[in-house]
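Architecture at a glance
Each chain, letter by letter, is given below.
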Amino acid sequence: MEKLFIYNTSSRKKEEFRPIVEDHVGLYVCGPTVYGDAHVGHARPAITFDLLFRFLTYIGYKVRYVRNITDVGHLENDADEGEDKIAKKARIEELEPMEVVQYYTNRYRKNMRQLNVLPPSIEPHASGHIIEQQAMVSKILENGYAYQVNGSVYFDVEKYNQKHNYGKLSGRILEDLYNNTRGLDGQSEKKNAFDFALWKKASPQHIMRWPSEWSDGFPGWHLECSVMSTKYLGEIFDIHGGGLDLMFPHHECEIAQSVAANGKESVNYWMHNNLITIDGQKMGKSLGNFITLDELHSGAHQALEKAYNPMAVRLFILQAHYRNPLDFSNEALQAAEKGLERLFNAIKTLHKITESESTTGFEIKEWRTKCFNAMSDDLNTPILIAHIFDAVKFINSIAGGSATISYEDLILLRKLMNDLVFTILGLEIVTENNKSDDKLDDVVHLLLSLRHEAKENKDWALADKIRDELQNKGFVIKYTKDGFEWSLK
Ligand code: ZN
């Protein structure tokens, strides 16, 4: 198995990744709260953890990837006050809350497909796990780390912090939280303003409610992730990811809940992607720079000079390391578009160029090592992409006649470019008319290069099988001095 080093937010250093079970990985990522369209900010965690999912799978792990849908309990502010975001949307639109959830979940999935983000293995809804959430509240109460007030249950942060370290992930200190929230004391029923809701009693007009021993109410937002991650991945699992904006309070509260309920932390590696700014500013509705992914792909927003291809957006995001900030601008997106075009043109050229006696001007095996070393070094995609563009230069110089490539290297380079660009980085060639043709061409070339490999390894049975199956499906393969051509009967 290829080694992988990842930066663990919890230990604040890069560590070699060692899964709990040899070749399996449990990965949990906080998904969207589905009360509105996905925006530019959603693209980054989705693509970051899609990259991780793809790379882990590529190097041989069986990955169970759980990404939740938040459809209850996420209130308008972090102080556990205000309306539920979904219930509010349902009230304004005169819809059932679950209609809002379904509508925006469908739209989120469509946006993810456009960005070529693979669907997770399990996509659990918070509203489908109320019983499990209630069980966790009971456990935390039993263990003495929560208290009841007027039918609501709150986590007792101060009590927890006497024995454990609240703030260990984000580096916050409880004393600072006292000072920051002092003015808020007395305004709520909580003992301390920084305590957080495990269960909230529903007000009479609150639509989303479930019976419980404490009140008719709903779970606190942080609870769902503690519950659903451990339900599907085990009491202790490998990796928990999410955006940096979720580190505090959301992830900090998840840790506290797990320790309070089960006596131990449930996550071995915490990973956080950095955030996106737009023209140097934080994205916000009031700033007029709140851009949804649909607007980005259609160009229908005043801040956009044009529509952007989702693959250019994907490349743009991958060109920065996931832990670095990333600034979104028309200029940067247009540069990514140009880069994407150069890359895809080179890949097309790579399928047309012919082999020579030997390779000059490029060490393919050395290049492969550098590419995989970059990925293994905490998913260093900017370095990987720089190496890929070195190969683009080489491909163009073969086409221009100033370099040559041997048959063996040509097959290897085709396979590696395919693996790195399409399988690992998850870019795909999308044009109006040739989307399926290009994909088919890639698949036929892939099968024929596998057949070539089989012949090299004297595995005649496999080589014949690939040839016969292609023939049976109506493919006519013509071997030429440049390699091969194919057509359909
Ligand atoms: Zn979460």
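Residues numbered from 1 in each chain as written. Predicted model: local features only at pLDDT ≥ 70, side-chain atom pairs only at ≥ 80, totals over all residues. Heavy atoms only, no water.

Scanning the chain from terminus to terminus reveals 16 helices and 15 strands. The C-alpha atoms of the chain give a radius of gyration of 26 Å, which matches the 23 Å a tight globule of 489 residues would have. Counting only C-alpha atoms and orienting by the principal axes, one finds that the chain spans roughly 80 × 50 × 45 Å. Expressed as a percentage of the 489 residues in the chain, the buried residues total 52%. Long-range pairs, those at least 24 residues apart, make up 74% of the contacts in the chain between residues at least 6 apart in sequence. Carbon and sulfur atoms form 49% of the exposed surface of the chain, whose accessible area is close to 22,500 Å². For the chain, the centre of its 57 positive side-chain charges and the centre of its 69 negative side-chain charges are spaced 2 Å apart. (Helix = DSSP H or I, 4+ residues; strand = E, 2+ residues; numbered from the N terminus. Rg over C-alpha atoms; globule rule 2.2 N^0.38 Å. Buried < 20%, exposed > 50% of the residue type's maximum accessible area, 1.4 Å probe, protein only. Contact = heavy atoms within 4.5 Å. Areas by Shrake-Rupley, 256 points an atom, 1.4 Å probe, with all protein chains shown as cover. Lys, Arg positive; Asp, Glu negative; His and termini not counted. Charge placed at Lys NZ, Arg CZ, Asp CG, Glu CD.)

Right, let's talk about the coordination of the zinc ion for a bit. Taken together, Cys30 (SG), Cys225 (SG) and His250 (NE2) make up the protein donors of the zinc ion, found 2.1 Å from the metal. Written as a sequence motif, the donor arrangement for the zinc ion is C-x194-C-x24-H. Placement of the pair is Cys225 in helix H7 (residues 221-233) and His250 in helix H8 (residues 247-262), with a sequence separation of 25 residues. A residue is classified by how much of its surface remains accessible, and Cys225, at 1% relative accessible area, is buried. (Donors = N, O, S within 2.8 Å, 3.2 Å for Na, K, Ca; no water.)

As summarised here, the arrangement of the three strands in space is E12-E11-E13, forming an open sheet in which the pairing is mixed. Each of the sheet's edge strands pairs with one partner strand only, and the pair in question is strand E12 (281-282) and strand E13 (326-328). Pairing between strand E11 (residues 276-278) and E13: three bridges, direction parallel. Directly across from Ile278, in E13, lies its bridge partner Phe328. (Pairing = 2+ DSSP bridges.)

Two side chains bearing opposite charge may form a pair once their charged atoms approach each other closely. Enumeration over the complete set of coordinates arrives at 24 salt bridges. When the shortest N-O distance is used, the salt bridge between Lys264 and Glu235 registers 3.0 Å. Here Lys264 is found in the loop between H8 and strand E10 (267-273), whereas its partner Glu235 is found in the loop between H7 and strand E9 (237-243), with 29 residues between them in sequence. Two residues, Lys365 and Glu408, come together in a salt bridge whose shortest N-O distance is 3.5 Å. Of the two residues, Lys365 is situated in helix H12 (residues 364-376) and Glu408 in helix H14 (residues 407-424); the sequence distance between them amounts to 43 residues. Among the ionic contacts, a cluster of salt bridges with common partners joins Asp37, Arg107, Lys110 and Asp294. (Salt bridge = Lys/Arg side-chain N within 4 Å of Asp/Glu carboxyl O.)

Our focus in this paragraph is the environment of Arg64. Mapped onto the elements, Arg64 comes out in strand E4 (residues 62-67). Look at Arg64 and you get partly exposed, because its relative accessible area is 45%. In this structure, the C-alpha to C-alpha distance between Arg64 and Ala46, residues 18 residues apart in sequence, is 16 Å. Among residues more than four places away in sequence, those in contact with Arg64 are Val25, Gly26, Leu27, Ser121, Ile122, Tyr232 and Leu233.

Let us look at the pairing of strand E3 (residues 24-29). Burial analysis of E3 places five of its six residues in the buried class, the great majority of the element. Where E3 meets E4, six bridges bridge the pair, whose relative direction is parallel. Following the sheet pairing, Gly26 is matched in E4 by Arg64. For the handedness criterion, the β-α-β arrangement of E3, helix H1 (residues 40-58) and E4 is classed as right-handed. (Right-handed = clockwise from strand over helix to strand, strands pointing away.)

Let's shift gears to the sheet that holds E10. Taken in spatial order, the four strands make up an open sheet running E4-E3-E9-E10, and their pairing is parallel. Where the open sheet ends on each side, the last strands, each with one partner, are E4 and E10. Between one strand axis and the next, the sheet turns by 20° as a mean value, whatever way the strands run. This element, H1, spans E3, E4, E9 and E10 of the sheet and lies at about 130° to E10. Its contacts with the sheet put H8 on E9 and E10, and the angle it makes with E9 is roughly 160°. (Axes fitted to C-alpha atoms, helices over the stretch in contact; angles between N-to-C directions.)

Taken domain by domain, the chain holds domain 1 (20-273), domain 2 (278-424) and domain 3 (432-488). Relative placement of domain 2 and domain 3: their C-alpha centres are 26 Å apart. (Domains from an automatic or database assignment.)

Tallying each qualifying case throughout the model produces 15 aromatic pairs. Summarising the aromatic geometry, the rings of Tyr147 and Tyr154 are spaced 6.0 Å apart at their centres and angled 40° between planes, so their arrangement reads as tilted. By relative accessible area, Tyr147 is classed as buried at 10%. Using a relative accessible area of 0% as the deciding quantity, one classes Tyr154 as buried. Aromatic rings pair up to connect Tyr145, Phe155, Tyr160 and Phe196 into one cluster. One residue, Lys191, lies across the ring of Tyr147, its end atom 4.7 Å from the ring centre. (Phe/Tyr/Trp six-rings, centres within 6.5 Å; stacked < 30°, edge-to-face > 60°. Lys NZ or Arg CZ within 6 Å of the ring centre and 35° of its normal.)

Let us now look at the packing of helix H11 (residues 330-352) against helix H13 (residues 381-399). For any two helices packed against each other, the geometry is given by the interaxial angle and the distance between the axes. H13 packs onto H11 with a crossing angle of 50° between their chain directions and a minimal axis gap of 9 Å. Classified by the interaxial angle, the pair formed by H11 and H13 is oblique. By crossing handedness, the relation of H11 to H13 is classed as left-handed. Judged by residue contacts, Gly339, Arg342, Leu343, Ala346, Thr349 and Leu350 of H11 engage Ile388, Phe389, Val392, Lys393, Ile395, Asn396 and Ala399 from H13. (Parallel < 35°, antiparallel > 145°, perpendicular 65-115°, else oblique. Left-handed = near helix turned anticlockwise from the far one by under 90°.)

Let's shift gears to the side chain of His301. Tracing the chain through its elements places His301 in the loop between helix H9 (293-298) and helix H10 (310-318). Under the relative-accessibility criterion, His301 is labelled buried at 13%. At 3.2 Å, the side chain of His301 forms a polar contact with the backbone oxygen of Phe290. Beyond its immediate sequence surroundings of up to four residues, His301 is in contact with Gly288, Asn289, Phe290, Ile291 and Glu295. (Polar contact = N/O pair within 3.5 Å; in protein donor to acceptor, adjacent residues only side chain to side chain.)

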